[in-house]
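Chain by chain, the residues run as shown.
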Amino acid sequence: MSVSTAVIDPSVCGPLPVLGQDVTVPLVTGGEVTYAALDYAASAPALQRVWDDVAAYAPYYGSVHRGAGYLSQLSTDLFENSRRTVAEFLGCRAEDQVVFTRSTTDSLNLLAAAIPADCQVFVYETEHHASLLPWRDAQVTYLNAPRTPGQAVESLERALADRDPYGPALVCVTGASNVTGELWPVKELAAAAHAHGARIVLDAAQLAPHHPVDIAELDVDWVAFSGHKLYAPFGSGVLAGRADWLQAAEPYLAGGGASRKVARRADGGVDVDWHTTAARHEAGSPNVIGVYSIASACKALTEAGFDSLVAREQELVSRVREGLAEVPEVQVLSLFGDDAPRVGVISFVVRGWNSSHFAAALSAEYGIGVRDGLFCAHPLVRTLLGSDPQDPGECGAPEAEPGERSLNAIRVSFGAGTPDEHIERFLRAVTELVREGAQWKYRTEDGRCVPDRGTAAQV
């Protein structure tokens with residue numbers, strides 16, 4: 001059975017084929033339009049290559065690792081080959097482990113459960129909640145939002161040097177912000193961490209889909225990312241890196257697959273001999289299709305030529321930023337300034353507009369899907385907006401009415417599958433909404449701004 005599809009021609013630099021590129025959606029003003037998916041930072045559309053690979057494998061799906069039948073053996077090979085593919089994609093070192101999880105959130109919670117009991121954790125307030133919150137059982141130092149990459153390194157060095165007692169420490173940092181898209185100085189932060197006897201984990205959820213990630217080159221200890229942001233659906237993630245803390249920790253989940261031997265004791269209890277490989281933290285029946293989809297996406301991005309994909313995305317980033325700059329009412333959010341390198345993730349607010357109202361109008365009147373809210377990075381967005389931490393507003397559910405200022409933002413995000421037309425339509429829609437206003441009335445329903453379907457007349 002062959003589950004490989006045609007190799008992508010690396011000489012062609014254009015949008016990669018993705019599912020949903022021909023989907024049409026209704027407009028509240030009448031008619032239909034091809035949907036412009038510009039919410040890649042939440043979940044990127046599946047690459048057609050990934051879907052084809054999964055469809056070819058699906059009839060051969062079987063249990064993994066413990067089955068004697070042909071389909072089980074084939075699925076086991078596919079699963080373990082996927083592990084090797086991901087390790088190669090990430091530039092893993094020979095001694096690194098690749099553990100398959102459900103998501104970035106799951107990966108970082110796994111690591112949080114595996115750190116030594118006396119470990120101190122250092123994390124910037126700018127992190128996504130997936131990397132901000134898992135450390136609740138550790139001694140955590142939250143670092144203020146830096147305003148330059150240099151400040152990020154300097155504040156980390158000071159915090160690590162001042163820690164008391166001087167024991168094991170872990171730094172958690174994003175590779176690319178899910179709010180601003182800005183790239184963080186990961187290699188420099190890794191060097192600072194190691195110089196002070198600390199380890200570092202990279203949240204690559206927003207970096208891996210847009211930019212090559214090389215564990216050895218960056219010299220980080222672990223990398224975490226999610227398949228659903230890497231054009232691979234089905235709910236899988238990765239934690240890759242050093243094995244020692246993971247081998248020393250109790251299994252993240254106790255159950256079949258994590259154990260090598262279980263025996264009854266004379267006192268009626270049980271003795272368990274746990275695996276020391278990645279299987280130690282992969283109890284239960286693994287998500288073979290999700291894992292294979294990640295491996296397929298890794299191959300597709302590599303074969304397409306990541307440098308070419310990055311170059312094209314940077315053209316789109318420049319086009320969006322230049323287009324938004326032509327609308328004075330638009331304020332693009334940034335930590336490090338206009339010259340900071342970034343991926344295809346841009347957040348902004350529009351003067352005089354509630355962010356949910358603006359996002360709803362983009363969808364209902366132009367067929368454009370973006371995201372509004374605090375993007376599960378509440379401290380960062382509130383810092384960028386200059387609002388008080390106690391001000392109202394939460395992730396995806398603004399409390400302001402249409403037309404009122406909200407304490408949230410709008411995020412447009414794109415990547416390898418984004419056609420030029422989607423970017424042009426977005427910029428045209430922003431300009432028209434700001435200059436001419438919405439064509440329809442909107443109301444708040446269950447915390448969301450939606451078109452008022454009961455209003456027949458345009459406004």
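First, a word on scope: everything that follows refers to the structure included in this document. (Residues numbered from 1 in each chain as written. Predicted model: local features only at pLDDT ≥ 70, side-chain atom pairs only at ≥ 80, totals over all residues. Heavy atoms only, no water.)

### Description of the overall build of the chain
Working step 1: Across its full length, the chain carries 13 helices and 19 strands.
Working step 2: In terms of overall dimensions, the chain is globule-like: its C-alpha atoms have a radius of gyration of 23 Å, near the 23 Å expected for 459 residues.
Working step 3: Across the 459 residues in the chain, those meeting the buried criterion constitute 56%.
Working step 4: Intrachain contacts of the chain at a sequence separation of at least 6 include 71% that bridge at least 24 residues.
Working step 5: With the model as given, the accessible surface of the chain reaches about 19100 Å², and the carbon-plus-sulfur share is 50%.
Working step 6: Across the chain, the centroid of the 36 positively charged side chains sits 4 Å from that of the 58 negatively charged ones. (Helix = DSSP H or I, 4+ residues; strand = E, 2+ residues; numbered from the N terminus. Rg over C-alpha atoms; globule rule 2.2 N^0.38 Å. Buried < 20%, exposed > 50% of the residue type's maximum accessible area, 1.4 Å probe, protein only. Contact = heavy atoms within 4.5 Å. Areas by Shrake-Rupley, 256 points an atom, 1.4 Å probe, with all protein chains shown as cover. Lys, Arg positive; Asp, Glu negative; His and termini not counted. Charge placed at Lys NZ, Arg CZ, Asp CG, Glu CD.)

### Things to note about the sheet that holds strand S7 (residues 169–174)
Working step 1: A sheet is described by the order of its strands in space; here seven strands give the open sequence S4-S10-S9-S8-S7-S5-S6, paired in mixed fashion. Strands at the two margins of the open sheet, each flanked by one partner only, are strand S4 (97–101) and strand S6 (139–143). Strand after strand, the sheet turns through a mean of 20° between neighbouring axes, direction not considered. (Pairing = 2+ DSSP bridges. Axes fitted to C-alpha atoms, helices over the stretch in contact; angles between N-to-C directions.)

### Points about helix H12 (residues 378–385)
Working step 1: Of all the eight residues making up H12, six are buried; the element is thus mostly covered by neighbouring parts of the structure.
Working step 2: Those residues of H12 that fall on the buried side of the exposure criterion are His-378, Leu-380, Val-381, Arg-382, Leu-384 and Leu-385.
Working step 3: Residues of H12 that are buried make contact with helix H4 (129–132), strand S14 (345–350) and strand S16 (371–373).
Working step 4: At the exit of H12 stands Gly-386, carrying a positive phi of roughly 70°.

### Details of helix H6 (residues 186–195)
Working step 1: The set of residues buried in H6 consists of Val-186, Leu-189, Ala-190, Ala-192 and Ala-193. Angular distribution of buried residues about the axis of H6 spans 165°; they occupy a single face of the element.
Working step 2: On its buried side, H6 packs onto strand S5 (120–124), helix H5 (149–161), S7, strand S8 (199–203) and helix H7 (215–218).
Working step 3: Positive phi appears at Gly-197, one or two residues downstream of H6, with a value of about 75°. (Arc of directions from axis to C-beta.)

### Side note on the side chain of Ser-413
Working step 1: Its location among the elements puts Ser-413 in strand S17 (residues 409–413).
Working step 2: Of note is the side chain of Ser-413, whose polar atom sits 2.9 Å from the backbone nitrogen of Tyr-40.
Working step 3: Separated by 2.8 Å, the side chain of Ser-413 and the backbone nitrogen of Ala-41 make a polar contact.
Working step 4: The contact partners of Ser-413, leaving out residues within four places of it in the chain, are Ala-37, Leu-38, Asp-39, Tyr-40, Ala-41, Gly-344 and Val-345. (Polar contact = N/O pair within 3.5 Å; in protein donor to acceptor, adjacent residues only side chain to side chain.)

### Overview of the packing of aromatic side chains
Working step 1: What the rule picks out here adds up to 12 aromatic pairs.
Working step 2: Its guanidinium or amino end placed over the ring of Tyr-166, Arg-163 lies 3.9 Å from that ring's centre, counting from NZ or CZ. (Phe/Tyr/Trp six-rings, centres within 6.5 Å; stacked < 30°, edge-to-face > 60°. Lys NZ or Arg CZ within 6 Å of the ring centre and 35° of its normal.)

### Details of the packing of helix H11 (residues 355–366) against helix H13 (residues 420–436)
Any two packed helices are characterised by the angle at which their axes cross and by the distance between the axes.
Working step 1: One can describe the packing of H11 onto H13 by two numbers: an axis separation of 11 Å at closest approach and a directional angle of 115°. The chirality of how H11 crosses H13 is right-handed. Two secondary-structure elements touch here, H11 through Phe-358, Ala-361, Leu-362, Glu-365 and Tyr-366 and H13 through Arg-425, Phe-426, Ala-429, Val-430, Glu-432, Leu-433 and Val-434. (Left-handed = near helix turned anticlockwise from the far one by under 90°.)

### Observations regarding the pattern of salt bridges
Working step 1: Under the criterion given, the structure shown has 24 salt bridges.
Working step 2: Across the pair Arg-83 and Glu-282 runs a salt bridge, and its minimum N-O distance is 2.9 Å. Of this pair, Arg-83 sits in helix H2 (residues 70–89) while Glu-282 sits in the loop between strand S12 (270–274) and helix H9 (288–304), and the two are 199 residues apart along the sequence. Of the two residues, Arg-83 and Glu-282, both sit in the buried class.
Working step 3: With its nearest N and O atoms 3.2 Å apart, the salt bridge here joins Asp-221 to Arg-242. Of this pair, Asp-221 sits in the loop between H7 and strand S9 (222–226) while Arg-242 sits in the loop between strand S10 (237–241) and helix H8 (244–248), and the two are 21 residues apart along the sequence.
Working step 4: Take Arg-242: its relative accessible area is 29%, and that puts it in the partly exposed class.
Working step 5: Each of Arg-199, Asp-221, Arg-242 and Asp-244 takes part in a single network of salt bridges with overlapping partners. (Salt bridge = Lys/Arg side-chain N within 4 Å of Asp/Glu carboxyl O.)

### Let's talk about the environment of Gly-181
Working step 1: With respect to the helices and strands, the residue Gly-181 is situated in the loop between S7 and H6.
Working step 2: Take Gly-181: its relative accessible area is 0%, and that puts it in the buried class.
Working step 3: Apart from the residues within four sequence positions on either side, Gly-181 is in contact with Ala-176, Pro-341, Arg-342, Val-343 and Val-345.

### Section: the state of the cysteines
Working step 1: Here the structure, examined in full by the defined rule, presents zero disulfides.
Working step 2: Cys-92 forms no disulfide, and the closest cysteine sulfur to it belongs to Cys-298, at a distance of 10 Å.
Working step 3: Distance from the sulfur of Cys-119, which forms no disulfide, to the nearest cysteine sulfur (Cys-172) is 11 Å. (Disulfide = S-S within 2.5 Å.)

### Comments concerning the nonpolar core
Working step 1: Residues Leu-90 and Phe-225 are the most contacted members of the largest nonpolar core, which totals 84 residues.
Working step 2: A per-element tally of this core places H9 first, with nine residues.
Working step 3: Not counting chain neighbours up to four residues away, the residues in contact with Leu-90 comprise Val-213, Asp-214, Ile-215, Val-223, Phe-225, Val-238 and Ala-240.
Working step 4: The next biggest cluster of nonpolar side chains, apart from the first, holds 36 residues, and it includes Val-330, Ala-359, Ile-368 and Leu-427. (Core = buried A, V, L, I, M, F, W, Y, C linked by side-chain atoms within 4.5 Å.)

### Notes on the pairing of strand S18 (residues 442–445)
Working step 1: Where S18 meets strand S19 (residues 448–451), four bridges bridge the pair, whose relative direction is antiparallel. Within S19, the position partnered with Thr-444 by the bridge is Cys-449.
Working step 2: Hairpin connection of S18 to S19: two residues between the antiparallel strands, including Asp-446 at a positive phi of 55°.

### Re the pairing of S17
If a strand is regular, its side chains alternate between the two faces of the sheet.
Working step 1: Summarising burial for S17: five of the five residues are buried, a large majority.
Working step 2: The side-chain alternation of S17 yields two buried faces, one formed by Ala-409, Arg-411 and Ser-413 and the other by Ile-410 and Val-412.
Working step 3: For S14 and S17, the ladder comprises four bridges, and the chain directions are antiparallel. Within S17, the position partnered with Ser-347 by the bridge is Arg-411.
Working step 4: The pairing of S16 with S17 spans three bridges and is antiparallel. Each residue of the ladder has a partner; that of Asp-372, found in S17, is Ile-410.

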